[in-house]
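Read off the chains here:
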Amino acid sequence: MAKMVELEKLEKHFKISKGMFDTDHRVVRAVDQVSLSIEEGEIVGLVGESGSGKTTLARVLLSLTKMTGGKAMIDGVDLSRATKKDMKKLHREIAVVFQDPASNLNPRQTVESSIMRPMVIHGVPRAEAQNKAKEVLDMVKMDRRYLDSFPHQLSGGQLQRIAIARALALSPKIMILDEPTSALDVSVQAQILNLLLDLQEKMNLTYLVITHDLNVIRYISDKIAVMYLGKLVEFGPTEEVTGHPKHPYTKGLMDAAPILDPRLRGREKELMKGDPGSLINIGTGCRFFARCKYATSECEKEDPEILSAGNGHQVACLHPLKIEP
Ligand SMILES: Nc1ncnc2c1ncn2[C@@H]1O[C@H](COP(=O)(O)OP(=O)(O)OP(=O)(O)O)[C@@H](O)[C@H]1O
Ligand SMILES: [Mg+2]
């Protein structure tokens, strides 16, 4: 299988200052030394608490923001050395669907013009774009009569189908789905997930699905990537990571499954004790140190690298959890 996405120690650090004359620049290590490979046709679920860097990672892949370190290869193109021609190819190849239908679609545009927009930008002739708009609407199982509708006339599920249709318009190879179902009712969520699975299979798409919802991840993903404060702490096949989590943070997530979503917090027991900590001016040790019940004095000093733990499973922990017999 070909590698679609290959990240090597990818970094996105933001410098923040309090004002023009502030010389005390602080650094937010939103994505820090993330190494990760995604094969063609694979569905990788990316989980982690709010602020762990999931969207920032997606924005780097989408070239919406520049990386500040490391390397990202996408379908053979090195992002930091890409020519204009490479970027044009990548813009066609990677599509995105966000959580909020409102941020996916312009309220003043009909469904047809929304779907056609990326094609028009890429110079697809109008007639061809119009045909393709019909085709992609069929693919997301929506009636063609909706082409003339405006976003406010549609339900959340329909809007998300339109956003997916638009993402498909340029025949992408990779789709980044940032919380694609979390704004939807549970019954509609399943329909959208099934549609995504169906499309993935038909077109051999590669997905990076970002979500707080472990049930979504379990349902849809081949592999799971877990981020904690900008770091990739665990990665591997879904059954491995959910069945035998090796990082104490992942274990905590699995034990407290439904409460990752900040909107649901308080309804269930606390995810983990302690404060998630800050991304600003982080010390040298493991970022999970303060919350980890297995932490030793080594963990305070050493930031563990992500290493193979067998069965395609990788973990960044000095004391990975053993599989219980
Ligand atoms: N433009 C920016 N400037 C400074 N800091 C930023 C910027 N964008 C993101 N950050 C910071 O980077 C960190 C990661 O943010 P990000 O949005 O990637 O998290 P996330 O995992 O997507 O969270 P959520 O689950 O809430 O969507 C946060 O601390 C955030 O405040
Ligand atoms: Mg996000």
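Remember, predicted model here, so these are calculated numbers, not experimental data.

Draft legend 1. A look at the overall build of the protein. Within the protein, the secondary structure is distributed over 11 helices and 12 strands. Of all 325 residues assigned to the protein, the portion counted as buried reaches 51%. Long-range pairs, those at least 24 residues apart, make up 65% of the contacts in the protein with a sequence separation of at least 6.

Draft legend 2. Geometry of the environment of Gly157. In this structure, Gly157 sits in helix H6 (residues 156-168). By relative accessible area, Gly157 is classed as buried at 10%. C-alpha of Gly157 to C-alpha of Gln189: the two residues are 32 residues apart in sequence and 7.8 Å apart in space. Filtering out sequence-adjacent residues up to four positions away, Gly157 remains in contact with Leu184, Val188 and Ile192.

Draft legend 3. Here's a closer look at the pattern of salt bridges. Under the definition given, this model contains 16 salt bridges. A salt bridge links Asp75 to Lys89; the nearest nitrogen and oxygen atoms lie 3.5 Å apart. Here Asp75, found in the loop between strand S4 (69-74) and strand S5 (77-78), pairs with Lys89, found in helix H2 (residues 84-93); they are 14 residues apart in sequence, far enough to count as distant. In this structure, Arg81 engages Asp78 in a salt bridge whose closest nitrogen and oxygen atoms are separated by 3.8 Å. What makes Arg81 exposed here is its relative accessible area of 68%. Among the residues examined, Asp78 registers a relative accessible area of 14% and is labelled buried.

Draft legend 4. Structural detail: the site of ligand 1. Close contacts around ligand 1 come from 14 residues, with Ser50, Gly51, Lys54, Thr55 and Thr56 the closest. Gly53 is positioned with one of its backbone polar atoms (N or O) 3.0 Å from an oxygen atom of ligand 1. His212 places a side-chain nitrogen or oxygen 3.1 Å from an oxygen atom of ligand 1. When ligand 1 sits alone it has 640 Å² of accessible area, and the protein chains cover 61% of it. Elements that contribute at least two residues to the shell around ligand 1 include exactly strand S1 (3-16), strand S2 (26-39) and helix H1 (54-61).

Draft legend 5. Expanded view of the nonpolar core. Counting 41 residues, the largest nonpolar core has Ile115, Ile164, Met175 and Tyr207 as the members making the most contacts within it. Ranked by the residues each element gives to this core, the list is headed by H6, at 7 residues. Those residues within four positions of Tyr207 in sequence are excluded, and the remaining contacts are Glu42, Ile43, Val44, Met175, Leu177, Leu196, Leu199 and Gln200.

Draft legend 6. A look at the sheet that holds S5. Reading across the sheet, the 4 strands line up as S2-S1-S4-S5 and stay open at both edges, with antiparallel pairing between neighbours. Strands with a single pairing partner mark the edges of an open sheet, and in this sheet they are S2 and S5. Of the pairings in the sheet, the one linking S4 to S5 comprises 2 bridges and is antiparallel in character. Bridge pairing in S5 places Ile74 opposite Val77. Along the sheet face, H1 touches S1, S2 and S4 and points at about 115° away from the line of S1.

Draft legend 7. Geometry of unusual backbone geometry. Positioned with a positive phi, Ser171 is a non-glycine residue whose angle comes to about 50°. Counting through the fold element by element, Ser171 comes out in the loop between H6 and strand S7 (174-178). Judged by its relative accessible area of 44%, Ser171 is partly exposed. The phi dihedral of Asn204 is positive, around 50°, even though this residue is not glycine. Within the element layout of this structure, Asn204 appears in the loop between helix H7 (186-203) and strand S8 (206-210). Judged by its relative accessible area of 40%, Asn204 is partly exposed.

Rules used throughout
- Residues numbered from 1 in each chain as written.
- Chains lettered and ligands numbered in written order.
- Predicted model: local features only at pLDDT ≥ 70, side-chain atom pairs only at ≥ 80, totals over all residues.
- Heavy atoms only, no water.
- Helix = DSSP H or I, 4+ residues; strand = E, 2+ residues; numbered from the N terminus.
- Buried < 20%, exposed > 50% of the residue type's maximum accessible area, 1.4 Å probe, protein only.
- Contact = heavy atoms within 4.5 Å.
- Salt bridge = Lys/Arg side-chain N within 4 Å of Asp/Glu carboxyl O.
- Near = heavy atom within 4 Å.
- Polar contact = N/O pair within 3.5 Å; in protein donor to acceptor, adjacent residues only side chain to side chain.
- Areas by Shrake-Rupley, 256 points an atom, 1.4 Å probe, with all protein chains shown as cover.
- Core = buried A, V, L, I, M, F, W, Y, C linked by side-chain atoms within 4.5 Å.
- Pairing = 2+ DSSP bridges.
- Axes fitted to C-alpha atoms, helices over the stretch in contact; angles between N-to-C directions.

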